[in-house]
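Close look at the chain arrangement
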Amino acid sequence: MHVIDYWNDIDLRLKKLLKDGFVKLPPLDFFNLSAISENITKDMKGNTFSELCSSHKDFLQELDLEKYLTPKLYEIARDLFGYKGELSNQYHIARRVEPGNSKELYRAHFDSHLFTLVLPLKIPLAQKGGSVGDLIYFPNARGRPKNEFINFLEKVYHKKYASKEGLDDFAVKHNKITDDFHDYCPLLFIGNTTLHTNKQVSSDCSTYRLTLLAHFFDPSPKYGVSGLIRLLRAR
């Protein structure tokens, strides 16, 4: 498959994104994901998170994200969501989780960015009953916050659901979706209205789990909630 063919129905998929709060993209299996994962892992130097290392940037360029997706998301953000920021307001990070790592378990949260894209590069297999770091998400779990103060209060309020039991309670009245990404189809969702978290990567998993997270257009102030979180993560 040529990259241009990968994006040939993106307009229809973006309509679904606006309707449902999320949409799946075609699988990435036409790339050599194993080699790409190895290169990014080397650049990450053992870290769980790494912001846009060189091999990560190379992959995004190969996928032509800036040509086929980013401008369309920017148009939606500007025309429908009232976004007044720059096209360059993006945050790209690689997330690598080793088997048995439970530090990232059930940290339910909303993103401050308007759009979040999850690109699965290496998804392990687990023994029966195990988990592979599946993403749990609740599309349209809240309305778009009107200002940073409301955004902060709602984020604090929803922290009470940041556990398996809390998520079960939240699922009683909200649409819960779980995705293990074994289809290698990226997921695009509206970041600041979708509550989401991950299951554990079980200790019996065959390998580490590597995903790339692309965040587009943070309407919050530079030194708002999201900026502080990214500053602390970079320390």
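The numbers attached to residues start from 1 for each chain and follow its sequence in the written order. Thresholds applied to this predicted model are a pLDDT of at least 70 for local features of residues and 80 or more for the giving and counting of side-chain atom pairs; totals over whole chains, interfaces and linings are not thresholded and use all residues. As a rule here, side-chain values come from all non-hydrogen atoms in the structure, and water together with hydrogens is ignored.

1. Considerations on the side chain of His 92
A helix here means a DSSP run of H or I that spans at least four residues, while a strand means a run of E at least two residues long, and both kinds are numbered starting from the N terminus. Along the chain, His 92 turns up in strand β3 (residues 90-97). Here Gln 90 takes part through its side chain, which lies 2.8 Å from a polar atom of the side chain of His 92. The residues touching His 92, leaving out its near neighbours within four places in the chain, are Ser 50, Glu 51, Leu 52, His 56, Leu 60, Leu 65, Leu 213, Ala 214 and Phe 216. Polar contacts here mean pairs of N or O atoms no more than 3.5 Å apart (in protein, one a potential hydrogen donor and the other a potential acceptor; neighbouring residues in sequence count only if both atoms are side-chain atoms). Every residue pair with non-hydrogen atoms within 4.5 Å of one another is taken to be in contact.

2. Considering a nonpolar patch on the surface
There is a patch of nonpolar side chains on the surface, built from Phe 149, Phe 152, Leu 153 and Val 156 and spanning about 400 Å² of accessible area. Considering the arrangement of structural elements, one finds Leu 153 in helix α7 (residues 148-158). Exposure above 30% relative accessible area and the absence of a salt bridge qualify a residue for a patch, where like charges join within 9 Å and nonpolar side chains (Val, Leu, Ile, Met, Phe, Trp, Tyr) within 5 Å. For the area figures, the Shrake-Rupley method with a 1.4 Å probe applies, and any residue is considered shielded solely by the protein chains shown. Salt bridge, as used here: a side-chain nitrogen of Lys or Arg that lies within 4 Å of a carboxyl oxygen of Asp or Glu.

3. Here's the deal with the pattern of salt bridges
A full pass over the atoms with the stated rule returns 10 salt bridges. One salt bridge in this structure joins Asp 20 and Lys 19, with 3.3 Å as the shortest N-O distance. Where Arg 142 meets Glu 154, a salt bridge forms, and the shortest distance between an N and an O atom there is 2.9 Å. Of this pair, Arg 142 sits in the loop between β5 (135-138) and α7 while Glu 154 sits in helix α7, and the two are 12 residues apart along the sequence. Ionic contacts of the salt-bridge type, sharing partners, join the residues Lys 16, Lys 19 and Asp 20 into one network.

4. What about the pairing of strand β4 (residues 115-122)?
Relative accessibility decides the category of a residue: with a 1.4 Å probe and only protein chains considered, values under 20% of the type maximum give buried, values over 50% give exposed, and everything between is partly exposed. With seven of eight residues buried, β4 lies mostly within the body of the structure. In this structure, β4 lies alongside strand β7 (residues 187-190), joined through four bridges in antiparallel fashion. Its bridge partner being in β7, Leu 117 is matched across the sheet by Leu 188. We treat two strands as partners when DSSP finds at least two bridges between them. With seven bridges connecting them, β4 and strand β9 (residues 209-216) associate as antiparallel partners. Note on β9: the bridge partner recorded for Val 118 is Leu 213.

5. Regarding the sheet that holds β4
Pairing within the open sheet is antiparallel, and its six strands lie in the order β1-β7-β4-β9-β3-β2. Only two strands of the sheet have a single neighbouring strand rather than two, namely β1 (22-24) and β2 (49-51). The average angle at which neighbouring strand axes cross in this sheet is 20°, direction not considered. Across the sheet, helix α2 (residues 10-20) lies against β1, β4 and β7, angled at about 145° from β1, the strand it touches most. Here an axis means a line fitted to C-alpha atoms, over the contact stretch when the element is a helix, while the angle between two N-to-C directions is reported on a 0 to 180 degree scale.

6. Re the packing of aromatic side chains
Here a Phe, Tyr or Trp ring, Trp counted by its six-membered ring, pairs with any other such ring whose centre lies within 6.5 Å, and the pair is stacked when the planes are under 30 degrees apart, edge-to-face when over 60, and tilted otherwise. Inspection of every chain in the model, using the stated rule, returns 16 aromatic pairs. On the basis of an interplanar angle of 35° and a centroid distance of 5.3 Å, the ring pair of Tyr 83 and Phe 217 is categorised as tilted. In this pair, Tyr 83 sits in the loop between α6 (70-80) and β3 while Phe 217 sits in the loop between β9 and α9 (225-234), placing the two residues 134 residues apart along the sequence. Each member of the pair Tyr 83 and Phe 217 is classed as buried. The structure contains a cluster of three or more aromatic residues connected by ring pairs, namely Tyr 6, Trp 7, Phe 30, Phe 31, Phe 59 and Tyr 68. The criterion is that NZ of a Lys, or CZ of an Arg, lies within 6 Å of the ring centre and within 35 degrees of the ring normal, and then a charge sits over that ring. The ring of Phe 22 carries the charged tip of Lys 16 above its face, separated from the ring centre by 5.6 Å.

7. Side note on α6
Here α6 has its buried residues at Thr 70, Leu 73, Tyr 74, Ile 76 and Ala 77. For α6, the angular spread of buried residues about the axis comes to 160°, placing them on one side. Looking at the buried side of α6, the elements it contacts are α2, α5 (65-68), β3, β4, β7 and β9. Just beyond α6, the residue with positive phi is Gly 82, at close to 70°. When we speak of the arc, we mean the arc of directions from the helix axis to the C-beta atoms.

8. A look at the sheet that holds strand β6 (residues 177-179)
Ordered by their spatial adjacency, three strands build an open sheet running β6-β5-β8, and the pairing between neighbours is antiparallel. Each having just a single partner strand, β6 and β8 (195-198) make up the two edges of the open sheet. Direction aside, the axes of adjacent strands within the sheet are offset by 20° on average. Here β5 pairs with β8 via four bridges, running antiparallel. For Leu 135, the partnering residue across the bridge sits in β8 and is Asn 198. Each of β5 and β8 is contacted by helix α8 (residues 164-171), which is oriented at about 35° to β5, the strand it contacts most.

Take it as geometry only, folks, not as evidence of what the structure does.
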